[in-house]
Amino acid sequence: MKPQTGFLSLAEELQSYILSFLPYRYILRCTLVCRTLRQTYLSSSELQYIVEIGGQRLLVISNTDNSIPISQRLQLLRDKAHAWFKVDIHPFEMVPVTRAPLSRDNVVAGGHFYSWDLLGGMAMILPILPKPSQQSIRRNWLPGTLWPVSWPSRQLDVLMDPAQNLIAVAYVVNHKTVYINLGALDGDGVHPQAAGERLCLSDYSENRFETTMARLKGFGRHIALSRRSDNEDRTSLDKVWQLQIWDWKHSTTSGSILSGAVPNGSSAPVEFCFLGNNRLLVVTDNLNLYSIENMSQTPELLACFLMPGPLLLRCLPMIDDIGYDSQLHMQAQATMYTSDPTHRLICLTAPSARDNTQVLIISTRIFFDLNEMAAATPIPWQHWGPSNTRILRHPFHFKIHVYGNRVLRTLPVGPRNSQFTLQLLDFSPLAVINRRGLGRVVKEPSTTYISVDEFGTRGESLTTSLPYVQVVFSNRKFDCSPLRDLWIDKDRIYMLSRSLTFIDRLGVIDIQSDLQSGVVSTS
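Keep in mind that what you see is a predicted model, and the values were worked out from it rather than measured.

## Here we look at unusual backbone geometry
- Unusually for a residue other than glycine, Arg57 sits at a positive phi of about 60°.
- Among the structural elements, Arg57 can be located in the loop between helix 4 (45-55) and strand 1 (58-60).
- Look at Arg57 and you get buried, because its relative accessible area is 9%.

This is the structure:
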């Protein structure tokens, strides 16, 4: 009889080592082959850890402290995921926030809150209940200190990135010439990693068009400015958008420019979002995916995803904590994981009837699963949308935010919708397991009508089926009137409430794996 030389004859440790090179989905498939492979999986904390990382759509940060045993990391991951399904809303820490009268507000990676005044030229940043190991930045900018040019100049947008100690300020002089200044959040002068103090715009239309609005975003080494311009003589139908991207650490100039006509009905700059370090999604009438690997040339169109009808789309801002060569991550060893840009969510909103908004939750996986013919032919909605999207109806005055694979939104309750509760939707593949009986699994398709105008005129009916687990935290109700905005990140829920003075309150809920379960409904 010949000796057995097949895979199953190998020692369990060697089987586990070989399986560890497989993607997490293939590891799970192997466990269905036979009892031996299933036992190999159940005996290996490393294989279960690989599956947990992939199933939660996470990436491991390379500088993680390896002194923590892998079995302990696995349990921490599972407990933290489960904690999101049993959030106790009552432990609510308040942070006072002094705001300018016309401020915009945001929460950025690294646990900081910042705001700025569009007209007054003021800005501020403060840490939100920082942990001892966390780098904290607290600063106020008085009028006239954000940019060096006085009247006739106007601030367009401000980007702050605590993870990279970066502040970028976009402003326009004489309504036409746009500048972007780069600085350090914790001090004056040029950012130490920046290629220069100011990013230069390549603007062939500078003498014809006035810049009316702009939007500034950043991700790792990239900064992008989207701006809308109008013809100054007001006789042309031309209203154009231009989007320029820089590798701000290596050059102050860029040939990476996109432009086009402003979509019908839009009053804002074109929407866009970074998908990792080398892809950019531009939201016009459709979703256009570009490669930005080569910053010396126009971004390469990879695919055009057609939308179902004439929707006026807005892309909700995302809190990005990925792609950074970050001092914060070096200092805070507890920051072990980050969301995978190839498997996260983006949230697009489209105005519907007067009292609600259509919300499109889209998985970014579709933007990374392309073939060579994708750029040649636009991809119809029917071929990509239904299985990668979930469309929700959302009251226009209520709030919603996305982080990673989780969606947090307010649900109206009470007389005349005067109060709200919080609802969490988890779209990660392992949410069904990590919920441990909490919440409700939603796999069945849902059908809704898209609205083709602001009056709610019904258009095409759409069926979408991206699965998720939902849970409603019904143990506390909040008054709607003071709520200004809400956000989530990997560890917390933030709720900003207005006051009669200029000192607002930022409520913070920490998501801890050892929290006792609150009263949870499955509706």
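Moving on from the coordinates now.
## Regarding the sheet that holds strand 15 (residues 271-274)
- One open sheet holds the four strands; their spatial order is 15-16-17-18, and the pairing between them is antiparallel. On the outer flanks of this sheet lie strand 15 and strand 18 (300-305), each paired with one strand and no other. Between one strand and the next, the sheet's axes are offset by a mean angle of 20°, whatever the strand orientation.
- Where strand 17 (residues 287-291) and strand 18 come together, five bridges link them in antiparallel fashion. Across the sheet, residue Leu289 finds its bridge partner in strand 18, namely Ala303.

## Examining the packing of helix 4 against helix 5 (residues 70-83)
- Contact geometry for helix 4 and helix 5: axes closest at 9 Å, N-to-C directions at 30°. By crossing handedness, the relation of helix 4 to helix 5 is classed as left-handed. Contact residues: Ser45, Glu46, Gln48, Tyr49, Glu52 and Ile53 in helix 4; Ile70, Ser71, Arg73, Leu74, Leu77 and Arg78 in helix 5.
- Partitioned by chemical class, the residues of the contact of helix 4 with helix 5 number five nonpolar, three polar and four charged.

## A closer look at the packing of aromatic side chains
- What the rule picks out here adds up to 13 aromatic pairs.
- Their ring planes at 90° and their centres at 5.1 Å tell us that Tyr17 and Phe21 sit as a pair that is edge-to-face. For the residue pair Tyr17 and Phe21, the accessibility class agrees, reading exposed in each case.
- The ring of Tyr179 carries Arg198 above its face, with NZ or CZ at 4.6 Å from the centroid.

## Describing the pattern of salt bridges
- Counted according to the given criterion, the structure contains eleven salt bridges.
- In this structure, Glu271 and Arg215 form a salt bridge, with 3.7 Å as the shortest nitrogen-oxygen distance. Pair noted here: Glu271 is in strand 15 and Arg215 is in strand 11 (residues 209-219), with a separation of 56 residues, a long-range link.
- One salt bridge connects Asp426 with Arg406, and the closest N-O pair in it is separated by 3.6 Å. Taken together, the residues Asp426 in strand 26 (residues 419-426) and Arg406 in strand 25 (residues 406-413) connect sequence positions 20 residues apart.
- Linked by salt bridges that have partners in common, Lys80, Lys490 and Asp491 make up one network.

Parameters and conventions
Residues numbered from 1 in each chain as written. Predicted model: local features only at pLDDT ≥ 70, side-chain atom pairs only at ≥ 80, totals over all residues. Heavy atoms only, no water. Helix = DSSP H or I, 4+ residues; strand = E, 2+ residues; numbered from the N terminus. Buried < 20%, exposed > 50% of the residue type's maximum accessible area, 1.4 Å probe, protein only. Pairing = 2+ DSSP bridges. Axes fitted to C-alpha atoms, helices over the stretch in contact; angles between N-to-C directions. Left-handed = near helix turned anticlockwise from the far one by under 90°. Contact = heavy atoms within 4.5 Å. Nonpolar A, V, L, I, M, F, W, Y, C, P; charged D, E, K, R; others polar. Phe/Tyr/Trp six-rings, centres within 6.5 Å; stacked < 30°, edge-to-face > 60°. Lys NZ or Arg CZ within 6 Å of the ring centre and 35° of its normal. Salt bridge = Lys/Arg side-chain N within 4 Å of Asp/Glu carboxyl O.

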